Amino acid sequence: MISMSKLTPEFWMARALTLARRGLYTTDPNPRVGCVLVKNRRLVGEGFHARAGEPHAEIHALNDAGGAAKGATAYVTLEPCAHQGRTGPCAQALIDAGVKRVVAAMQDPNPQVGGRGFAMLREAGVEVECGLLEAEARALNPGFISRMSRTRPYVRLKMATSLDGRTAMRSGESQWITGPAARTEVQRLRARSSAVISGVESIILDNSRLTVRAEQLHLDAAEAIAGRQPLRVVVDSRLRLPLAAACLREPGRTLVATCSQDGERRRRLEDAGAEILTLPPGYDGRVDLEALLTHLAKEESANEVLLETGATLAGAMLDAGLVDEIQLFMAPTLLGGEARPLFVLPGMERMAQQRALEIEDIRAVGRDWRIIARPLANST
């Protein structure tokens, strides 16, 4: 039994965050949100948002509480919405149920709607507090926050490397550097992502499917999770994607981003199952990567993007300042000096040009190691 002295506001918000994490793989493009209702220091209702179009966390918690919601305090990980979408405004539902106090971890990051839910609650006489365990709540929804505040997805770069910093043999052979446990983690990264981006060279070398495989997730409801395949995006400036590429035959969509004007090649790829997105070329004559990310945010409602690619595209994304997080899976093996490097970062000749990273976590994953790092904004 939990001591009454431990039933603090932090305890209840932590419970709401735990509930929100249940939607880690299913809420896209919506944020992951949890809610608990507490009355007289007792839990009377709880819920979390599971899927877009279905009731939000507050509605599930109110339904769970029934009449006990009157006079309760709601602990919710994100500001209750005040607008009518596919579901009704949660702020109004809390008011109608007689909730007397709302404690939110963070304000809605959408600058056009953030604060409106709080205002509605306060106008109805509901006490409102915001900021409890905000850092934990923000960490749960980096992509939604990025899309709302920066109009681009949160980009997570995944790389697999040997101990000597190599990603493939000189021939391009790369399967497999890391072990099964690391590959399971990669599957989970795909499953939580709105889109997976790869370069055409990687597809040509590996014939990657870029799909979520239920049998590799090792999660409850794995089949249901794999039923929502992330959008597959192939950066292919010259439309070189093979018509027989495996990614074109898998369930879900494959979007080919190009700056090529080759109409015949475009038609043949579309006939093979691809969707073609023509973007203006960047300064190097290749696909404008920032324009691609903006498109994914605005037109595809992409929150989190997983970048799984080779050294050239990975280096280009880093060079453009478009990578938010690096997940590096390092295997206890050596591939030698002729093997392919992690990143191609041209023009780096002096130590003053090095790109500094901040390491956030290092831990063992099976026989391999996973390093999570973030590029520092002013590292050059």
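Along each chain, residues carry numbers from 1 onward, in the same order as the chain's sequence is written. Where totals are concerned, whole chains, interfaces and linings use all residues; where local detail is concerned, this predicted model gives features only for residues with pLDDT of at least 70, and gives and counts side-chain atom pairs only at 80 or more. Only hydrogens and water are removed before side-chain values are computed, so all heavy atoms of the structure are retained for them.

Looking at an unreviewed UniProt entry, one finds the protein named Riboflavin biosynthesis protein RibD, with Litchfieldella qijiaojingensis as its source organism. UniProt positions are given in the numbering used here, feature names are shortened, and annotations may be inferred rather than shown by experiment. Of the comments in the UniProt record for the protein, the one headed Function (unreviewed entry) reads "Converts 2,5-diamino-6-(ribosylamino)-4(3h)-pyrimidinone 5'-phosphate into 5-amino-6-(ribosylamino)-2,4(1h,3h)-pyrimidinedione 5'-phosphate."

Participant: Lay out the overall build of the protein in plain terms, naming residues and giving numbers.
Facilitator: In this text, helices come from DSSP runs of H or I with a minimum length of four residues, and strands from runs of E with a minimum of two, each type numbered from the N-terminal end. Summing up its helical and strand segments, the protein has 13 helices and 16 strands in all. At 23 Å, the protein has a C-alpha radius of gyration in line with the 21 Å of a compact globule built from 380 residues. Along the longest, intermediate and shortest principal axes, the C-alpha atoms of the protein span 65 × 45 × 45 Å. Partly exposed residues are those whose accessible area sits between 20% and 50% of the maximum for their type, while under 20% is buried and over 50% is exposed, using a 1.4 Å probe and protein chains only. Put simply, the protein has 380 residues, and 49% of those count as buried. Whether two residues are in contact is decided by their heavy atoms, any of which lying within 4.5 Å being enough. In the protein, the share of contacts with a sequence separation of at least 24, taken over all contacts with a separation of at least 6, comes to 69%. Counting every atom, the protein has about 17900 Å² of accessible surface; 49% of that belongs to carbon and sulfur. Working convention for charge: Lys and Arg count positive, Asp and Glu count negative, and His plus the chain ends are omitted. By convention, charge coordinates are those of NZ in Lys, CZ in Arg, CG in Asp, or CD in Glu. Each charge class in the protein was averaged separately, 48 positive and 45 negative side chains, and the resulting centres sit 3 Å apart. Radius of gyration here is computed from C-alpha atoms only, and the compact-globule reference equals 2.2 Å multiplied by the residue count raised to the power 0.38. In short, Shrake-Rupley with a 1.4 Å probe defines the accessible areas, and a residue's cover is counted only from the protein chains shown.

Participant: Which residues make up the pattern of salt bridges, and what values go with them?
Facilitator: It is possible for side chains bearing opposite charge to pair when their charged atoms get close. Throughout this description, the term salt bridge denotes a Lys or Arg side-chain nitrogen within 4 Å of a carboxyl oxygen of Asp or Glu. The final tally for this structure, using the stated rule, is 27 salt bridges. One salt bridge connects R253 with E275, and the closest N-O pair in it is separated by 2.8 Å. Of the two residues, R253 sits in the loop between β9 (231-235) and β10 (254-258) while E275 sits in strand β11 (residues 275-278), which places them 22 residues apart along the sequence. Given the relative accessible area of 31%, E275 is considered partly exposed. Across the pair R374 and E360 runs a salt bridge whose closest N-O atoms are separated by 2.5 Å. You can see R374 sitting in strand β16 (residues 368-375) and its partner E360 sitting in strand β15 (residues 357-365), a full 14 residues away along the chain. On the accessibility criterion, R374 (26% relative accessible area) is partly exposed. Each of R32, R156, R192, E304, E325, E360 and R374 takes part in salt bridges that share partners, so that together they form one network.

Participant: I'd like a rundown of the packing of aromatic side chains, residues and numbers included.
Facilitator: In this scheme Phe, Tyr and Trp rings, the latter by its six-membered ring, pair at centre separations within 6.5 Å, and the angle between planes marks the pair as stacked below 30 degrees, edge-to-face above 60, and tilted otherwise. Inspection of every chain in the model, using the stated rule, returns one aromatic pair. For the pair F11 and W12, a centre-to-centre distance of 5.0 Å together with 85° between the ring planes defines the contact as edge-to-face. Under the relative-accessibility criterion, F11 is labelled partly exposed at 28%. By relative accessible area, W12 is classed as buried at 7%. For the cation-ring pair, R183 lies above W176, with the distance from its terminal atom to the ring centre recorded as 4.5 Å. The rule for a charge over a ring is simple: NZ of Lys or CZ of Arg within 6 Å of the ring centre, and within 35 degrees of the ring normal.

Participant: Lay out the sheet that holds strand β3 (residues 73-76) in plain terms, naming residues and giving numbers.
Facilitator: Paired through their backbone hydrogen bonds, the strands of a sheet run either parallel or antiparallel. Strands are labelled as partners when DSSP assigns at least two bridges between them. Here we have five strands laid out as an open sheet, ordered β2-β1-β3-β4-β5, and mixed in their pairing. Strand pairing shows two members of the sheet lacking a second neighbour, β2 (42-48) and β5 (127-130), which therefore form its edges. Across the sheet, the axes of successive neighbouring strands diverge by a mean angle of 15°, strand direction being ignored. In terms of strand pairing, strand β1 (residues 34-39) meets β3 through four bridges, oriented antiparallel. The partner of C35 across the bridge, within β3, is V76. Here, axes are lines fitted to C-alpha atoms. For helices the fit covers the stretch in contact, and angles between N-to-C directions go from 0 to 180 degrees. Of the strands in this sheet, β1, β2, β3 and β4 (101-104) are in contact with helix α1 (residues 9-20), which crosses β1 at around 145°. Across the sheet, helix α2 (residues 57-65) touches β1, β2 and β3, and the angle it forms with β2 is around 140°.

Participant: Outline the nonpolar core, listing residues and values.
Facilitator: Nine residue types can take part in a nonpolar core, namely buried Ala, Val, Leu, Ile, Met, Phe, Trp, Tyr and Cys, and a core is a set of them joined through side-chain atoms within 4.5 Å. Ranked by size, the top nonpolar core spans 42 residues in total, and within it L37, Y75, V102 and L121 carry the most contacts. Other than its neighbours up to four places away in sequence, L121 contacts P80, A91, L94, I95, V102, V126 and V128. Judged by nonpolar contacts, the second largest core, of 31 residues, contains C259, L289, V305 and V323.

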